[in-house]
Structures are given as structure tokens and as C-alpha cells.
Amino acid sequence: MTGDGTGWVVLGAGGHARSVVDVLERAGHTVAAVSGVVPAGESWHVDVLVDDREAFELLAAQGLHAVVAVGANPVRARLVRELVARGLSVPPVIAATATVSARSVLGAGSVVLEHAHVGPSSTLGEAVVVNTAAVVEHDCTVGAGSHVAPGAVLLGAASIGELTLVGSGARILPGVTVGSGVTVGAGAVVTTPVVDGETVVGVPAATRPPGGTA
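Residues numbered from 1 in each chain as written. Predicted model: local features only at pLDDT ≥ 70, side-chain atom pairs only at ≥ 80, totals over all residues. Heavy atoms only, no water.

J.: Please clarify how the overall build of the protein should be interpreted in this entry.
T.: Scanning the protein from terminus to terminus reveals three helices and 23 strands. In terms of overall dimensions, the protein is globule-like: its C-alpha atoms have a radius of gyration of 17 Å, near the 17 Å expected for 214 residues. If you line up the protein on its principal axes, its C-alpha atoms span 50 × 40 × 30 Å. Taking all 214 residues of the protein together, 48% fall into the buried category. In the structure as shown, the protein presents an accessible area of about 9000 Å², 55% of it carried by carbon and sulfur atoms. Seen as two clouds, the 10 positive and the 17 negative side-chain charges of the protein have centres 4 Å apart. (Helix = DSSP H or I, 4+ residues; strand = E, 2+ residues; numbered from the N terminus. Rg over C-alpha atoms; globule rule 2.2 N^0.38 Å. Buried < 20%, exposed > 50% of the residue type's maximum accessible area, 1.4 Å probe, protein only. Areas by Shrake-Rupley, 256 points an atom, 1.4 Å probe, with all protein chains shown as cover. Lys, Arg positive; Asp, Glu negative; His and termini not counted. Charge placed at Lys NZ, Arg CZ, Asp CG, Glu CD.)

And the structure:
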């Protein structure tokens, strides 16, 4: 995470945004504003912008850094792409308690939260979230817009495509490839490749039947 003293604007105003703002402020950074709809009954200690258009204007006018803290993978990926296309600053955000190898590559707008780990020779695409205590081991690839949920683990040389969710506590075994737009259910153990668009659950993970539940 950049340490140049420039402030931040966080696109998003829900629970994920709270986690990201906490990471930034614990590292001594200033959050100028968040943008979006605040959940009912909650409030913010920083300015709240009405929408993302206001956020883009503030970023451009003041030269601030941006981070997209939106849980929905397609929305987060789209916003990061737009920020990059506009030439705005969208550096990775890494929590102070996370461990990220100097030999890994983190794409624009990627976020590594508290106690997470990204190992050597791993690559995160744009807008990736490695959530609390998740592990992306050595030689892994995580496609743009994907989310490795709290406590999930990608073991050595595993890979997931774009816009994929690896649910909380799930495991992708070494060398296994998971496609794009996949949902891996919480606690699942993926032992064989998963094709694009599938939902897999269980131990070992298998495709969820139509109308089934995770």
C-alpha cells in the first residue's frame, strides 16, 4: 500500500467498506470520503458522497487514491476498470497484519485484508479481494474481480478465473484450476478442475444440482 501521505476515497459504504477503511486508518492514512448508500441504521465518521460520480470528481480534483470496497464482484471489477481508464490512482491495499511476498504481483485495486497471506510468485488480477485470514499460497493465480472469502485457502499453484467466489473456509487443492464466474461454497474442498459458471459445494466439492442448496 502506498505510503506517500495522499488521502483516499473509498467507493462503497457498506460492511466491506468498513473493513477497508479500518485497514487504511490503522495504517495512518486519511480517508476523505466514502461513496454509496449507507445501510439503514448505520452512520459514518467520514464524509459520505451521494454516488460514484461525486467520488470520481473528488479523486480527479484532489489527486487522491481510490479503493473500491464493494462486495459484488462484477460491480467492483467494473469500477476499478473505470478508475484505471480515467488515469486515477488505484493502488493495492494491504493490511498491516497481512503478509504479501515481494515476489507476488498485485493488480490495481486489489485488497488484502487482516491476517491474510499472498505467497511468492502468485498473481492477483485487478479488483481482487483476499479477505480476512485467507491464504493464497505460492504460484497461484487469481483472476480479476474474484473474491477469496475469509479463511479460504488456495494451495500451491492453484488458480481461479475472473469474477469467482471462493467461499469462507473453502480449500482449492494444489494445482487445481477453477474457472471464471464460479461459486465455491463455504467449507468446500475442490479436488478437481471446475469449469466456468459452475457452483460447487461439499467435501470433495461437486456441482450443485439444479434447485439444490449450498
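J.: Explain the packing of aromatic side chains here, please?
T.: By convention here, two paired aromatic rings are described through the distance between centres and the angle between planes. If you walk through the whole model with that rule in mind, you get zero aromatic pairs. The ring of Phe56 carries the charged tip of Arg86 above its face, separated from the ring centre by 4.2 Å. (Phe/Tyr/Trp six-rings, centres within 6.5 Å; stacked < 30°, edge-to-face > 60°. Lys NZ or Arg CZ within 6 Å of the ring centre and 35° of its normal.)

J.: Even after reading the chapter, I still don't get the packing of helix H2 (residues 52-62) against helix H3 (residues 73-85), so can you show me in this structure?
T.: Describing two packed helices takes the angle between their axes plus the distance from one axis to the other. Running from N to C, H2 and H3 cross one another at 30°; their axes reach a closest spacing of 12 Å. It follows from the interaxial angle that H2 and H3 lie roughly parallel. For H2 against H3, the interelement crossing comes out right-handed. Across the interface between the two elements, Asp52, Phe56 and Leu59 of H2 pack against Leu79, Glu82 and Leu83 of H3. Looking at the contact of H2 with H3, its residues break down into four nonpolar, no polar and two charged. (Axes fitted to C-alpha atoms, helices over the stretch in contact; angles between N-to-C directions. Parallel < 35°, antiparallel > 145°, perpendicular 65-115°, else oblique. Left-handed = near helix turned anticlockwise from the far one by under 90°. Contact = heavy atoms within 4.5 Å. Nonpolar A, V, L, I, M, F, W, Y, C, P; charged D, E, K, R; others polar.)

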